[in-house]
Amino acid sequence: MMHRLLFVLLLMVAGIASAADNLRPFVSGSMAQIQEEYAGKPFVMFLWSLSCTYCPTELEMLGKFKQQHPELNLVLIATDTPEDKPEVVSHLAGYGLSEIRSSWVFAEDMPERLRFEIDRRWYGEVPRTYFYDQTHERLVRTGLVGEAFVKEWLALVSQAPSGDK
């Protein structure tokens, strides 16, 4: 029994370590890097924070949705700080999002610059979700989005020929 418990604990630590490796610093130029990484591909970019009341609801939904729809390109950006990295990693792991390879945390002294780089009309409210189609035209939603909306959007962009809306 003790061996099983130790084994489970080791797996948990390994999962958190893997998530920590996937969490990248979001700095000036990171938005361009994300857009380049998903050139010609649709993706969902979710902005969240540890202090956000509604973010856990969306993270839970996105974790389940990603398991059901592995084709979804998902980018997660925590608007916290690098000092919060252990807690950010723990939250992502708790929602089954530790394997998302495009996970970021704000990492500059002036978060306003990073917000401006993402969206000149965004003042920091979270949760905030951006739905980018293949041409990187985007829909923006603040607040809870819900699974039905994500499912409809994914069906829409999956049917669109590359380069079309």
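Scroll up a little and you will see the structure.
Peer 1: Can you tell me about unusual backbone geometry, naming the residues and giving the values?
Peer 2: In this chain, V126 is followed by P127 through a cis amide linkage whose omega measures 5 degrees. Secondary-structure assignment places P127 in the loop between helix 5 (111–118) and strand 5 (128–132). Its identity is not glycine, yet H136 carries a phi of approximately 65 degrees, on the positive side. Structurally, the position occupied by H136 is in the loop between strand 5 and strand 6 (138–142). Using a relative accessible area of 19% as the deciding quantity, one classes H136 as buried.

Peer 1: A description of helix 2 (residues 30–37) should follow, citing residues and the corresponding values.
Peer 2: Buried within helix 2 we find S30, M31 and I34. Along the long axis of helix 2, the arc covered by the buried residues comes to 105 degrees, so they all point the same way. Check the buried side of helix 2 and you find it contacts strand 1 (23–26), strand 2 (43–48), strand 3 (74–78), strand 4 (103–106), helix 5 and strand 5.

Peer 1: Mind laying out the packing of aromatic side chains, listing which residues take part and the relevant values?
Peer 2: Given two aromatic rings, their pairing is described by the distance between the two centres and the angle made by the two planes. Per the stated rule, a full pass over the model turns up eight aromatic pairs. Look at F26 and F106: their rings are 5.7 Å apart centre to centre, the planes differ by 20 degrees, and that puts the pair in the stacked class. With F26 in strand 1 and F106 in strand 4, the pair connects residues that are 80 residues apart, well separated along the chain. An identical accessibility class is assigned to F26 and F106; each is buried. Relative to W153, the ring of F131 has its centre 5.3 Å away and its plane inclined at 55 degrees; by these criteria the two rings are tilted. Remark: W153 occurs in helix 6 (residues 147–159) and F131 occurs in strand 5; sequence separation between them is 22 residues. Assessed through its relative accessible area of 5%, W153 is described here as buried.

Peer 1: Requested: an account of the nonpolar core, with residues and values cited.
Peer 2: W48, L74, L76, V88, L92, L97 and W153 are the most contacted members of the largest nonpolar core, which has 27 residues in total. Ranked by residues supplied to this core, first place goes to helix 3 (residues 55–68) with five residues. Residues within four places of W153 in sequence aside, it is in contact with P42, F43, V44, L72, F131, Y132, D133 and L139. In this structure, F26, M45, I77 and I118 belong to the second largest nonpolar core, which totals 16 residues.

About the criteria used
- Residues numbered from 1 in each chain as written.
- Predicted model: local features only at pLDDT ≥ 70, side-chain atom pairs only at ≥ 80, totals over all residues.
- Heavy atoms only, no water.
- Helix = DSSP H or I, 4+ residues; strand = E, 2+ residues; numbered from the N terminus.
- Buried < 20%, exposed > 50% of the residue type's maximum accessible area, 1.4 Å probe, protein only.
- Arc of directions from axis to C-beta.
- Contact = heavy atoms within 4.5 Å.
- Phe/Tyr/Trp six-rings, centres within 6.5 Å; stacked < 30°, edge-to-face > 60°.
- Core = buried A, V, L, I, M, F, W, Y, C linked by side-chain atoms within 4.5 Å.

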